[in-house]
Amino acid sequence: MECGLHVFKELLNGKWKLMLIYYISEGIKRPGALQKKIDVDRRVMNKQLDELLKYGFVNKISFDTNIPKVEYELTALGASLLPLIISLERWGENNRAVLEAGYSVENNVGGV
């Protein structure tokens, strides 16, 4: 039997998935706006949105208009991840200076 972390990794493995869920929860629902927010290649983002859709974290809403329009919304499953994502975001903010200082020291070893 696999542990919960393995399930989490398998379903949410992807560089942008947690950020997509976070920004969709903030009301950014159109693919173009999401792409601008996280500065990701459109093809990569669409693949990750498709995977989030496949596993039930988001719903895709298509509007029947002259110009096709698509929006995404969180499902209850996707919304259940928000406390975890917000905790990770706060951890990153609280440790930013230490992490960036460590990164700078590591990258300057033997360098300039």
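This text follows the structure it describes.
Note that this is a predicted model, so its numbers are computed, not measured. (Residues numbered from 1 in each chain as written. Predicted model: local features only at pLDDT ≥ 70, side-chain atom pairs only at ≥ 80, totals over all residues. Heavy atoms only, no water.)

### Some thoughts on the overall build of the protein chain
So, step 1. Of regular secondary structure, the protein chain possesses seven helices and two strands.
So, step 2. For the protein chain, the succession of helices and strands along the chain, N to C, is α-α-α-α-β-β-α-α-α.
So, step 3. The C-alpha atoms of the protein chain give 17 Å as radius of gyration, which overshoots the globular expectation for 112 residues (13 Å, by more than 25%).
So, step 4. For the protein chain, the spread of C-alpha atoms along the three principal axes comes to 60 × 40 × 20 Å.
So, step 5. The 112 residues of the protein chain split such that 23% are buried.
So, step 6. In the protein chain, of all internal contacts separated by at least 6 residues, the share reaching a separation of at least 24 is 46%.
So, step 7. Accessible area of the protein chain: about 8000 Å², with a carbon and sulfur share of 56%. (Helix = DSSP H or I, 4+ residues; strand = E, 2+ residues; numbered from the N terminus. Rg over C-alpha atoms; globule rule 2.2 N^0.38 Å. Buried < 20%, exposed > 50% of the residue type's maximum accessible area, 1.4 Å probe, protein only. Contact = heavy atoms within 4.5 Å. Areas by Shrake-Rupley, 256 points an atom, 1.4 Å probe, with all protein chains shown as cover.)

### Observations regarding the nonpolar core
So, step 1. Counting residues in hydrophobic clusters, the biggest one holds 20 residues, and the most contacted among them are Leu-20, Ile-21, Ile-24, Leu-34, Leu-49 and Leu-52.
So, step 2. Looking at this core, the elements that each hand over two or more residues are helix H2 (17-25), helix H3 (31-38), helix H4 (42-54), strand S2 (69-74) and helix H6 (82-94).
So, step 3. Per-element accounting of this core gives the leading share, four residues, to H2. (Core = buried A, V, L, I, M, F, W, Y, C linked by side-chain atoms within 4.5 Å.)

### Looking at the packing of aromatic side chains
So, step 1. For the coordinates displayed, the defined rule picks out one aromatic pair.
So, step 2. Taking 5.4 Å as the distance between ring centres and 70° as the angle between the ring planes, the aromatic pair formed by Tyr-22 and Tyr-23 counts as edge-to-face.
So, step 3. The aromatic ring of Phe-63 is capped on one face by Lys-69, whose charged end is 4.9 Å from the ring centroid. (Phe/Tyr/Trp six-rings, centres within 6.5 Å; stacked < 30°, edge-to-face > 60°. Lys NZ or Arg CZ within 6 Å of the ring centre and 35° of its normal.)

### A look at the packing of H2 against H3
So, step 1. Packing of H2 against H3 brings their axes to within 11 Å, and their N-to-C directions diverge by 120°. As the angle between them shows, H2 and H3 are arranged oblique. In the packing of H2 onto H3, the handedness of the crossing is right-handed. Along its contact with H2, which presents Met-19, Leu-20, Tyr-23 and Ile-24, the element H3 presents Leu-34, Lys-37 and Ile-38. (Axes fitted to C-alpha atoms, helices over the stretch in contact; angles between N-to-C directions. Parallel < 35°, antiparallel > 145°, perpendicular 65-115°, else oblique. Left-handed = near helix turned anticlockwise from the far one by under 90°.)

### Concerning the pairing of strand S1 (residues 58-63)
So, step 1. With six bridges joining them, S1 and S2 adopt antiparallel strand pairing. Counted as the bridge partner of Val-58 is Leu-74 from S2.
So, step 2. Remark: five residues form the turn of the hairpin made by S1 and S2, two consecutive strands paired antiparallel. (Pairing = 2+ DSSP bridges.)

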